[in-house]
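# Per-entry structural report
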Amino acid sequence: MTHATVLADPGPPAGFDWPFFWHYLISPSGAFLDGLWRTVYISVIAQLLGVLLGFAVALAQRSRLAPLRWGGRTYVWLIRGTPLLVQLVLVYNGLAAAGIYRFSDVQIGGLVLLGVVQAATLTLAVNEAAYMAEIFRAALDAIDPGQAEAAQALGMTPAMTMRVVLLPQAIRIIVPPLGNEFNLMMKSTSLLSVIGLQEMFLTAQSINSATFKTFEIFLVAACYYLALTTVWSFLQRFIERRLADPGQVIAAPSLRERLTGGGLGRAPRREDAALVGKEAH
């Protein structure tokens, strides 16, 4: 009778590897830094495009033309009602599989723009635009309609009224939720790994596959995501203070509340009770 000897895979060593963790945290590899850079610039470009497209959709929703209104509402309903992960796969893989469009690398001077980066940026921007459209719409609706009527009585065109009267006031209302949306944007880039984009999360996955240091490398990635959102919280606080109306006293969330989430759902306290009521709605 022959006895077969089965050798079990010892697997990775147990215990947290502190030297590995500190090494990648303090001096990450070039591949990890490249992934971090892609996370940052894709987030910034997608957010900017999302703000511009969202503003256009918000204007369409406020249009007197029924087709534009229904088009804007349908866009928001469709994009907000489907997961971003599904949208990414449909745009990058689905369009190519259906023979509709394939994202190819584009060379601009000495810069090569990867097709996967184009698809990721476009999808994030289109997704973000649906949320920014609602933020713009709510901010514009919070402004007293009498101001637009007064501007028109002075002979201002609708475009001038929007640019000179409405938009400067709306921006003060838009900045806090816009900052939160950008925080979400940076974290949402981790989903780009599903289409093979080598951003920070997928780079961490690759390092994990080679080292089996799962907890350590993903903890490093979490620390870098946390650092990005923390830096943006400081910038957001600075922008809000610069844009604050000097004639109003606004009790904005403190930096501690902003970082921990406390007070973010609280309505801003203003001296003008009418503004509080409008913004609450």
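As shown above, the structure is provided for reference.
Summary of the structure given here. Since the structure is predicted, the reported quantities are computational estimates derived from the model, not experimental observations.

What follows deals with the pattern of salt bridges. One pass over the structure, following the stated rule, counts 5 salt bridges. For D141, the salt bridge identified is with R62, shortest N-O distance 2.7 Å. Here R62 lies in the loop between α2 (30-61) and α3 (66-80) and D141 lies in helix α5 (residues 115-141), a separation of 79 residues in the sequence. The exposure class of D141 is partly exposed, given its relative accessible area of 45%. Two residues, E134 and R80, come together in a salt bridge whose shortest N-O distance is 3.9 Å. Placement of the pair is E134 in helix α5 and R80 in helix α3, with a sequence separation of 54 residues. Under the relative-accessibility criterion, R80 is labelled partly exposed at 40%.

By volume, the second largest pocket is sized at about 410 Å³. Lining the second largest pocket are L59, R62, S63, R64, A148, E149, Q152, P158, T161, M162 and L166. Counting residues per element, the ones that place at least two in the lining of the second largest pocket are α6 (145-153) and α7 (158-188). A breakdown of the residues in the lining of the second largest pocket according to their chemical character gives 5 nonpolar, 3 polar and 3 charged.

Note that soluble globular proteins tend to have their nonpolar side chains buried in a common cluster. Counting 30 residues, the largest nonpolar core has F32, L124, L192, L197, M200, V220 and Y224 as its most contacted members. Contributing elements (two or more residues each) for this core: α1 (18-26), α2, α4 (84-97), α5, α7, α8 (200-211) and α9 (214-243). When residues no more than four places from it in sequence are discounted, the contact partners of F32 are M200, T203, A204, I207, V220, A221 and Y224. By size, the runner-up hydrophobic cluster in this structure holds 15 residues, among which are F136, A139, I143 and I174.

With that out of the way, let us pick up α8. Between its first and last C-alpha atoms α8 spans 16 Å; for 12 residues at 1.5 Å apiece the expected length is 16 Å, and the two agree. Listed in full, the buried residues belonging to α8 are M200, L202, T203, A204, I207 and N208. If you follow the buried residues of α8, they end up packed against α1, α2 and α9. For α8, the side-chain oxygen to backbone nitrogen distance between the N-cap and F201 is 2.8 Å, and the N-cap itself is E199. Once α8 finishes, F212 follows within two positions and takes phi at roughly 60°, a positive value.

All right, on to the packing of α2 against α8 then. Contact geometry for α2 and α8: axes closest at 7 Å, N-to-C directions at 160°. As summarised for this structure, α2 and α8 are arranged roughly antiparallel, according to the angle between their axes. Residue-level inspection shows A31, F32, G35, L36 and T39 of α2 in contact with α8, the latter providing M200, T203, A204 and I207. By residue class, the composition of the contact of α2 with α8 is 6 nonpolar, 3 polar and no charged.

What follows deals with a nonpolar patch on the surface. Taken together, the side chains of I171, V231, L235, F238, I239 and L243 present a nonpolar region at the surface, about 490 Å² in accessible area. Mapped onto the elements of the fold, I239 is located in helix α9. Given a relative accessible area of 33%, I239 falls into the partly exposed group.

Reading the values: the criteria
- Residues numbered from 1 in each chain as written.
- Predicted model: local features only at pLDDT ≥ 70, side-chain atom pairs only at ≥ 80, totals over all residues.
- Heavy atoms only, no water.
- Salt bridge = Lys/Arg side-chain N within 4 Å of Asp/Glu carboxyl O.
- Helix = DSSP H or I, 4+ residues; strand = E, 2+ residues; numbered from the N terminus.
- Buried < 20%, exposed > 50% of the residue type's maximum accessible area, 1.4 Å probe, protein only.
- 1 Å grid on protein atoms, 1.4 Å probe; cavity = no way out; pocket = protein on both sides within 12 Å on 5 of 7 lines; lining within 4 Å.
- Points joined across faces, edges and corners; volume = space filled by probe spheres on them.
- Nonpolar A, V, L, I, M, F, W, Y, C, P; charged D, E, K, R; others polar.
- Core = buried A, V, L, I, M, F, W, Y, C linked by side-chain atoms within 4.5 Å.
- Contact = heavy atoms within 4.5 Å.
- Expected span 1.5 Å × (residues − 1).
- Polar contact = N/O pair within 3.5 Å; in protein donor to acceptor, adjacent residues only side chain to side chain.
- Axes fitted to C-alpha atoms, helices over the stretch in contact; angles between N-to-C directions.
- Parallel < 35°, antiparallel > 145°, perpendicular 65-115°, else oblique.
- Patch = residues over 30% accessible without salt bridge, like charges linked within 9 Å, V, L, I, M, F, W, Y side chains within 5 Å.
- Areas by Shrake-Rupley, 256 points an atom, 1.4 Å probe, with all protein chains shown as cover.

Read these as spatial facts, not as claims about activity.
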